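Per-entry structural report
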Amino acid sequence: MKWRRWRKEDAAAFRLAADRFMQLGRDLDEFLGTRSEFMLGKWTADARSWAADKGEQAYYEKDSRRLITVWGGHLLDYAGRQWNGLLRDYYLPRWQMLIDATLAELNGGKPV
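Let me begin by describing the structure that accompanies this report.

Some words on the overall build of the protein chain
- When you go through the protein chain residue by residue, the secondary structure sums to five helices and zero strands.
- When the helices and strands of the protein chain are placed in sequence order, the string is α-α-α-α-α.
- Since a compact globule built from 112 residues should have a radius of gyration of about 13 Å, the 18 Å found for the protein chain marks it as more spread out than a globular shape.
- Expressed as a percentage of the 112 residues in the protein chain, the buried residues total 26%.
- By sequence separation, contacts in the protein chain at least 24 residues apart represent 48% of the contacts at least 6 residues apart.
- Taken as a whole, the protein chain presents about 8,000 Å² of accessible surface, with 56% of it coming from carbon and sulfur.

So this is what it looks like as structure tokens:
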């Protein structure tokens, strides 16, 4: 089944392909969780470990997350990673928003 099927306005085929895609993303996130070097939790814990107090811990964790997602709000995914936790909690929800908008378009909604 080709991803481009949505251009033919085949909502059922698009939904099937989208469901498979999202399942692959969940499987990949689970697989990445088998190695500590691919875990978001390790990245943020390492950042927190440099702090002198709880305030710095919160700051360093927030900053470590920004580095791999929005880079200060200007460069989306500039330093993006495929890590356990990040894939599940950041990238897959973004993909789901695009899928939902595309399905809405296929059902007569606003174009994506």
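Now that the structure is up, let's keep going.
Things to note about a nonpolar patch on the surface
- Taken together, the side chains of L67, W71, L75 and Y78 make up a nonpolar region of the molecular surface, amounting to roughly 400 Å² of accessible area.
- In this fold, L67 is placed in helix α3 (residues 54–67).
- Relative accessible area serves as the criterion here: at 34%, L67 is assigned to the partly exposed category.

Points about the side chain of N84
- Relative to the assigned elements, N84 resides in the loop between α4 (71–74) and α5 (86–106).
- Within polar-contact distance, the side chain of N84 engages the backbone oxygen of D29 at 2.8 Å.
- Setting aside anything within four residues of it in sequence, one finds N84 in contact with D29, E30, L32, G33, F38, M39 and L40.

Quick look at the pattern of salt bridges
- If you walk through the whole model with that rule in mind, you get seven salt bridges.
- Among the salt bridges present, the one from R65 reaches E61, with a minimum N-O distance of 3.0 Å. In this pair, R65 and E61 are both assigned in helix α3, four residues apart and thus about one turn of the helix distant.
- For R65, a relative accessible area of 36% gives the class partly exposed.
- On the basis of relative accessibility, which here comes to 19%, the residue E61 falls in the buried class.
- Ionic contacts of the salt-bridge type, sharing partners, join the residues D29, R88 and D89 into one network.

Thresholds, definitions, all that
Residues numbered from 1 in each chain as written. Predicted model: local features only at pLDDT ≥ 70, side-chain atom pairs only at ≥ 80, totals over all residues. Heavy atoms only, no water. Helix = DSSP H or I, 4+ residues; strand = E, 2+ residues; numbered from the N terminus. Rg over C-alpha atoms; globule rule 2.2 N^0.38 Å. Buried < 20%, exposed > 50% of the residue type's maximum accessible area, 1.4 Å probe, protein only. Contact = heavy atoms within 4.5 Å. Areas by Shrake-Rupley, 256 points an atom, 1.4 Å probe, with all protein chains shown as cover. Patch = residues over 30% accessible without salt bridge, like charges linked within 9 Å, V, L, I, M, F, W, Y side chains within 5 Å. Salt bridge = Lys/Arg side-chain N within 4 Å of Asp/Glu carboxyl O. Polar contact = N/O pair within 3.5 Å; in protein donor to acceptor, adjacent residues only side chain to side chain.

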